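# Structure at a glance
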Amino acid sequence: MEDKLLTLTEIAEKLRVSKHTVQAWISPSSPNHKPEFSSLARHSGRKTVFIEQEVHTWLNQRKGAIFSQNYSETSAYWRERFLSSRGIFKNIIKPPLVIKSSSKTFSSGKLGIDYEPLLIWLTDAPLSSEILTTVNKSEGLVIAVPIVWWFLRKVWRNQKRFITMKKFLIDNNIFEYAPMNEESLKRSLDLPPSIGELSIQSYSCCNSARANSLLTYNPVLLNINGLAVCSS
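Since we're looking at a predicted model, the values are computed, not measured. (Residues numbered from 1 in each chain as written. Predicted model: local features only at pLDDT ≥ 70, side-chain atom pairs only at ≥ 80, totals over all residues. Heavy atoms only, no water.)

### Quick word on the overall build of the protein
Where we set the bar: Starting at the N terminus, helices and strands are each numbered in turn, a helix being any DSSP run of H or I of at least four residues and a strand any DSSP run of E of at least two. Remark: exposure states derive from per-residue accessible area (1.4 Å probe, protein chains only) relative to the maximum for the residue type, with buried under 20%, exposed over 50%, and partly exposed in between. Residue contacts are defined here by distance: any two heavy atoms, one from each residue, within 4.5 Å place the two residues in contact. The accessible surface values rely on the Shrake-Rupley method and a 1.4 Å probe; as for residues, cover is taken only from the protein chains in view.
When you go through the protein residue by residue, the secondary structure sums to 12 helices and 8 strands. The buried share among the 232 residues of the protein stands at 50%. For the protein, restricting intrachain contacts to residue pairs at least 6 apart in sequence, the fraction spanning at least 24 positions comes to 65%. For the protein, the exposed area adds up to about 12,500 Å²; of that, 53% sits on carbon and sulfur atoms.

### Let's talk about the side chain of Arg81
This is how the line gets drawn: His is not counted, nor are the chain ends, whereas Lys and Arg count as positive and Asp and Glu as negative. Each salt bridge in this description consists of a side-chain nitrogen of Lys or Arg and a carboxyl oxygen of Asp or Glu lying within 4 Å of one another. The term polar contact refers here to a pair of N or O atoms within 3.5 Å; inside protein, the definition further demands a hydrogen-donor-capable atom paired with an acceptor-capable atom, and it admits residues adjacent in sequence only when both atoms are side-chain atoms.
Here Arg81 lies in helix α6 (residues 78-83). Of the buried charged residues, Arg81 lacks a salt bridge, with Glu80 as the closest side chain of opposite charge at 7.1 Å. In this structure the side chain of Arg81 is engaged in a polar contact, spanning 2.7 Å, whose partner is the backbone oxygen of Asn172.

### Let's talk about the side chain of Glu116
Within the secondary structure, Glu116 sits in helix α7 (residues 115-122). Buried charged residue Glu116 carries no salt bridge. Nearest counter-charge: Lys94, at 12 Å. With residues near it in sequence (within four places) discarded, Glu116 still touches Pro96, Val98, Tyr217 and Asn218.

### Quick notes on the packing of aromatic side chains
Which entries qualify depends on this criterion: Classification of ring pairs rests on two measures: the distance between centres of Phe, Tyr or Trp rings, Trp counted by its six-membered ring, which must be within 6.5 Å, and the angle between planes, read as stacked under 30 degrees, edge-to-face over 60 and tilted in between.
Applying the stated rule across the entire model yields 9 aromatic pairs. With a centroid separation of 4.8 Å and 10° between ring planes, the pair formed by Phe82 and Trp121 is classed as stacked. Within this pair, whereas Phe82 is found in helix α6, its partner Trp121 is found in helix α7, the two being separated by 39 residues in sequence. Note on accessibility: Phe82 and Trp121 belong to one class, buried. Between Phe82 and Phe168 the ring centres are 6.1 Å apart and the planes differ by 35°, which places this aromatic pair in the tilted class. Here the residue Phe82 occupies a position in helix α6, and Phe168 occupies one in helix α10 (residues 159-171), the gap between them amounting to 86 residues. Across the pair, exposure class does not vary: Phe82 and Phe168 are buried alike. Put simply, the rings of Phe82, Trp121, Phe168 and Phe175 pair up and form one aromatic cluster.

### Quick look at helix α1 (residues 8-15)
Defined as follows: Note that the arc is computed from the directions linking the helix axis to the C-beta atoms.
Along α1, the residues classified as buried are Leu8, Ile11, Ala12 and Leu15. Each buried residue of α1 lies within a common arc of 105° when the element is viewed along its axis, so the set occupies one face. Contacts from the buried residues of α1 go to β1 (5-7), α2 (19-26), α3 (35-38), β3 (47-51) and α4 (52-60). Positive phi appears at Arg16, one or two residues downstream of α1, with a value of about 60°.

### A closer look at unusual backbone geometry
Not every positive phi belongs to a glycine, and Leu127 is a case in point at roughly 90°. Despite not being glycine, Arg210 has its phi angle at roughly 70°, a positive value. Relative to the elements of secondary structure, Arg210 occurs in the loop between α12 (197-208) and β7 (213-215).

### Thoughts on helix α8 (residues 128-135)
All buried positions along α8 are accounted for by Ser128, Ile131, Thr134 and Val135. Considered in projection along α8, the buried side chains sweep an arc of 115° and stay on one side of the axis. Tucked inside the fold, the buried residues of α8 contact α6, β4 (110-113), α7, β5 (140-144) and β7.

### Considerations on the pairing of β5
Test applied: By this definition, two strands are paired if DSSP reports at least two bridges between them.
Counted residue by residue, β5 has 5 buried out of 5 residues, so it is predominantly covered. In this structure, β4 lies alongside β5, joined through 3 bridges in parallel fashion. Across the sheet, residue Gly112 finds its bridge partner in β5, namely Val142. The pairing of β5 with strand β6 (residues 175-178) spans 4 bridges and is classified as parallel. From the neighbouring strand, Ile143 faces β6, where its bridge partner is Tyr177.

Given below as structure tokens:
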């Protein structure tokens with residue numbers, strides 16, 4: 001049997017990412033270049049194609065504990081893993097009380113996510129369905145490292161909850177991590193204190209990590225000019 005070839009559009013649909021993301025993965029000049037994925041690309045005239053079976057093998061190699069421990073790379077299954085986490089702390093952790101105060105919407109790109117939307121998602125609180133719609137439009141999720149720290153610290157004393165939270169935030173490679181650095185610190189100094197420290201950290205870190213937008217319900221952030229923000 002001849003090997004089935006997949007075009008850029010077909011491979012993007014198969015991996016549930018945009019065509020632009022696939023092109024970035026195979027481009028050596030891109031900051032998101034993935035050498036192990038790029039090696040799968042074949043050239044047929046001016047077209048870039050992939051052998052379907054090789055793609056299946058590549059995906060299978062990224063399942064399980066070995067890949068999950070590679071914290072530097074987002075899983076090809078990040079979307080499925082995020083969606084399966086909906087409500088894992090329902091009736092266990094108290095959801096935040098938020099009011100959707102903006103009609104701003106998200107269309108595409110990398111989506112930063114603030115701590116309140118994450119709490120809403122994990123507790124399957126009202127607005128979870130809107131978060132689902134927003135995440136499904138994204139090419140990847142970005143989370144500030146200080147927010148990861150905050151979540152893990154909150155559940156540290158309950159080891160069962162800690163293990164579940166750590167699997168969600170770290171082990172499953174769902175998120176791209178936005179570190180706290182000098183650039184994000186400088187950005188934070190221009191923000192009003194009324195935003196609150198956690199949302200300031202989310203906004204500043206995700207901005208420096210080049211997220212395209214930040215999903216937040218913070219009423220002050222929704223009126224800040226700079227990194228685009230949305231409330232799903």
